[in-house]
Amino acid sequence: MSSNFPLFLLPDNVILSVIKSMETVEQMMISILSRKTKKIVSSFNLQSYRFTLGTTESCDLEIRCFDLKIRIDFKIFENRTLREALVTEIPLIVKLYATRIVNNRLESELIGWVNRTFKVRDFIDHFMEILHHDRIDEILVSSNDLYPPESMQQLINGLEIRDLYFSEGNSDVDAMIYLNAIKPTRSFFLDGSPLFVWNHTKMSPFFIQSLDHIRQAKFENFFSSTDFSLYFEKM
Amino acid sequence: MTSPASSSEVKYLIESSEGNTFDVSGAALRQSNTFNAMFLNIGADGPIPFTDYNEATLKKVFEYCEHSVNEENYSGPKHQDDLSKWDLNFFNEMDQKMFIDVINASNFLDIERLTSYCCERIARMLRGKNTQEMIKVITLPTAEELEAKQKVEEKKAAAAKKVAEKAAETAEKTETLEELPVQQLVQTTRNKLTRKYLSFSNE
């Protein structure tokens, strides 16, 4: 049979059945192609429980579904030294890493493509829509970030950000800049001086009061952290 | 007349777009939900008009149905790797045009098993591909092609209406038959059976 196939010329219910018989990652990929495929994939009621946006090494979006973890890596500039790069630019290369458990072991798959159309925010909105997710659960930032905080602020403008994580190396000034740019609604987690929290609770009581908790901890790496004694619960 | 009896020995006449008729066993035809909804309980008086599909396509579809008559009840899509050698040969020997015709006919006749295998086969073409590669494979249609598709779907809706009308007409006749006195009913059935015998003898 020929390698080309006129899928969209088939009846709509057949197109729906074809897309339904695909794996979740393939459904996410095909949903990018057209408004019609996006609508079809949205109707499958796929769910995710966590969206994490990180900008430490590159701009990446991690989506956790119940049986699948997807990391989408947006390469805006090949040269990492371009620190003033704006995360609002159209990424040149998009790499999607899908990890799932098959027969008690992890299996990963990489799908990469050259992107000329969508901005990072378009991808975020797209995946939030097809996965029926209405917030960014976590944002990870560090002083080593590629992108300036204003650019990050623009990227997530209008989205609910639940938790903000400051990773190792942030000074109090960095933390304040990020807190001014990105306002989490639930919590923030920082690796810094306990006095910082104390000082800034006085500076922005309204902001602090709206949080569920503030966590002060020693952040070892992405997977492990050791809590310090300072832990605030919302009163 | 093709009888409404549920025996697998019963044959139904199918009419294709060329106007040709051929017979299909009741057991095979019962895999079509469209047929079940329209003719199963009332039977069909004369050939069933599936005139939107050519003879080759319909024969291919019913070849599949005849083959899967003895298989266990359909319980959702099966992975392509689990398909039997016969199933794989069945799909592999079709060219793309025939494959598309078979999907369309199977979809119209609502034969779940065949439609789902066809869909799974298309999904397989897109496995592990990125968006650009997907676009290359499924070739996004032009506005003219989409318009043509809409016309075809309208035509198919009209064909479905025609089949439904035929079913309604047959149902009406069956009801009329039930109202006839017993002797007259026996005579009418005898006449119809004679006509059917003659038509088969002529073929």
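Numbering of residues starts from 1 in every chain and runs along the sequence as written. Lettering for chains starts from A, numbering for ligands starts from 1, and both go in the order in which the items are written. Two thresholds apply to this predicted model, a pLDDT of at least 70 for residue-level local features and 80 or more for giving and counting side-chain atom pairs, whereas whole-chain, interface and lining totals are computed over all residues. The basis for every side-chain value is the complete set of heavy atoms in the structure, and neither hydrogens nor water enter the calculation.

Only DSSP runs of H or I covering at least 4 residues are called helices, and only runs of E covering at least 2 are called strands; the numbering of each starts at the N terminus. Scanning chain A from terminus to terminus reveals eight helices and ten strands. Here the term buried applies to any residue with accessible area under 20% of the maximum for its type, exposed to any over 50%, and partly exposed to those in between, with areas from a 1.4 Å probe on protein chains only. Looking at the 235 residues of chain A, the share that counts as buried comes to 48%. In chain A, of all internal contacts separated by at least 6 residues, the share reaching a separation of at least 24 is 58%. Note that accessible areas follow from Shrake-Rupley with a 1.4 Å probe, and for residues the cover is restricted to the protein chains shown. By element, 52% of the accessible surface of chain A is carried by carbon and sulfur atoms, the whole surface being about 11800 Å². Contact between two residues is taken to exist if any of their heavy atoms lie within 4.5 Å; hydrogens are not considered.

Here the focus is the confidence of the model for chain A. Reading predicted coordinates in detail is not appropriate for stretches of low pLDDT. Residues and elements named next belong to chain A. A residue's pLDDT is the confidence the predictor assigns to it, expressed on a 0 to 100 scale. Here chain A averages 79 in pLDDT, while 71% of its residues score no lower than 70. Of all secondary-structure elements in chain A, the lowest mean pLDDT belongs to strand β10 (residues 225-233), at 47, while helix α4 (residues 120-130) reaches the highest, 94. A low-confidence stretch, residues 228-232 (pLDDT under 50), is modelled with twelve contacts involving residues beyond four sequence positions or located in other chains.

Right, let's get into the layout of surface pockets. Residue and element names in this part refer to chain B. By volume, the second largest pocket amounts to about 400 Å³. What lines the second largest pocket is a set of 19 residues, among which I100, D101, N104, V152 and K156 lie closest to the centre. Those elements that place two or more of their residues in the lining of the second largest pocket are α5 (96-109) and α8 (143-179). Looking at the lining of the second largest pocket element by element, the count peaks at seven residues for α8. Taken together, the residues of the lining of the second largest pocket sort by class into eight nonpolar, three polar and eight charged. Definitions used throughout: a 1 Å grid over protein atoms alone; a cavity as a set of points that fits a 1.4 Å probe which cannot get out; a pocket as an open set with protein on both sides within 12 Å along at least five of seven lines; a lining residue as one with an atom within 4 Å of a point. Grid points are joined across faces, edges and corners, and a volume is the space filled by probe spheres set on the points. For this classification, the nonpolar set comprises Ala, Val, Leu, Ile, Met, Phe, Trp, Tyr, Cys and Pro, the charged set comprises Asp, Glu, Lys and Arg, and every other residue, Gly included, is treated as polar.

Let us look at the packing of aromatic side chains. Only the six-membered ring of Trp is used, alongside the rings of Phe and Tyr, when aromatic pairs are assigned; centres must lie within 6.5 Å, and planes under 30 degrees apart are stacked while those over 60 apart are edge-to-face, with the rest tilted. For the structure on display, the rule yields 15 aromatic pairs over all chains. Seen from their ring centres, Y64 of chain B and Y117 of chain B are 6.3 Å apart, and the 80° between their planes marks the pair as edge-to-face. Separated by 53 residues along the polypeptide, Y64 of chain B in helix α3 (residues 55-67) and Y117 of chain B in helix α6 (residues 112-125) bring together distant segments of the chain. As far as the burial class goes, Y64 of chain B and Y117 of chain B line up, both buried. One aromatic cluster in this structure is built from F5 of chain A together with Y64, W86, F90, F91, F99 and Y117 of chain B. Directly above the ring of F22 of chain B sits K59 of chain B, whose terminal nitrogen or CZ lies 5.4 Å from the centroid. Lysine NZ or arginine CZ positioned within 6 Å of the ring centre and within 35 degrees of the ring normal marks a charge as sitting over the ring.

Let us now look at the UniProt feature "domain: SKP1 component dimerisation" (unreviewed entry) in chain B. UniProt positions are given in the numbering used here, feature names are shortened, and annotations may be inferred rather than shown by experiment. The residues that UniProt annotates with the feature "domain: SKP1 component dimerisation" (unreviewed entry) are residues 113-159 of chain B. Helix makes up 81% of residues 113-159 of chain B and strand makes up 0%, while its end C-alpha atoms are separated by 23 Å.

On to the environment of Q31 of chain B, then. All names here are of chain B. Inspection of the secondary structure puts Q31 in the loop between α1 (26-29) and α2 (33-38). Judged by relative accessible area, which is 18%, Q31 ranks as buried. Contact partners of Q31, with chain neighbours within four places excluded, come to C65, S68, V69, D110 and I111.

According to UniProt, the feature "domain: F-box" (unreviewed entry) maps to residues 4-52 of chain A in the numbering used here. The span residues 4-52 of chain A is 51% helix and 6% strand, and its two end C-alpha atoms sit 36 Å from each other.

Now for the nonpolar core. By size, the foremost hydrophobic cluster in this structure holds 101 residues, and its most contacted members are I30, I63, F127, I139 and I182 of chain A together with F62 of chain B. Ignoring sequence-local partners within four residues, the contact set of I30 of chain A consists of L7, I19, M22, T37 and V41 of chain A together with L126, M134 and I138 of chain B. Definition of nonpolar core: a set of buried residues of the types Ala, Val, Leu, Ile, Met, Phe, Trp, Tyr and Cys, connected through side-chain atoms within 4.5 Å.

This part takes up the confidence of the model for chain B. Residue and element names in this part refer to chain B. On average, residues of chain B carry a pLDDT of 77, and 72% of them reach 70 or more. Averaged pLDDT values for the elements of chain B fall to 55 in helix α9 (residues 182-202) and rise to 93 in α5. The low-confidence segment residues 1-5, where pLDDT is below 50, has 22 contacts with residues more than four positions distant or belonging to other chains. The complex model carries a pTM of 0.75, and its ipTM stands at 0.74.

Another aspect to go through is the pattern of salt bridges. All names here are of chain A. A pair is scored as a salt bridge if a Lys or Arg side-chain nitrogen falls within 4 Å of a carboxyl oxygen belonging to Asp or Glu. Within this structure, the stated rule accounts for 16 salt bridges over all chains. The partner of D12 in a salt bridge is K36, with the nearest N and O atoms 2.9 Å apart. Here D12 is found in helix α1 (residues 12-20), whereas its partner K36 is found in helix α3 (residues 35-42), with 24 residues between them in sequence. K36 sits in the partly exposed class, given a relative accessible area of 31%. Linking E107 and R105 is a salt bridge whose minimum nitrogen-to-oxygen distance equals 3.8 Å. Linked by salt bridges that have partners in common, D134, R135 and D137 make up one network.

Residue and element names in this part refer to chain A. Splitting chain A by domain gives domain 1 (8-46) and domain 2 (47-233). Of the residues lining the interface, eleven residues belong to domain 1; the matching set on domain 2 comes to 18 residues. Simply put, the buried area is the total loss of 1.4 Å probe accessible area from both parts when two parts are fitted together. In total, domain 1 and domain 2 occlude about 1400 Å² of area from one another, counting both sides; carbon and sulfur atoms represent 71% of this. The interface formed by domain 1 and domain 2 holds one salt bridge in total. The salt bridge partner of K38 is E129, with a shortest N-O separation of 3.0 Å. Examining the composition of the side of domain 1 that touches domain 2, we find that five residues originate from one element, helix α2 (residues 24-31), more than from any other. Grouping the constituent residues of the side of domain 1 that touches domain 2 by class yields six nonpolar, four polar and one charged. For each domain, the first and last residues come from an automatic or database assignment.

In this section: the interface of chain B and chain A. Taken together, the contacts link 32 residues of chain B with 31 residues of chain A. Summing the contributions of chain B and of chain A, the shared interface buries around 2900 Å²; its carbon and sulfur component is 66%. One can count one salt bridge joining chain B with chain A. For this analysis, a polar contact is any N or O atom pair within 3.5 Å, provided that within protein one partner can donate a hydrogen and the other can accept it, and provided that sequence-adjacent residues contribute only side-chain to side-chain pairs. The interface formed by chain B and chain A contains six residue pairs in polar contact (both at pLDDT 80 or more). Contributions of two or more residues to the side of chain B that touches chain A are made by α5, α6, α7 (131-138) and α8 of chain B. In terms of residues, the side of chain B that touches chain A owes the most to one element, α7 of chain B, which gives seven residues.

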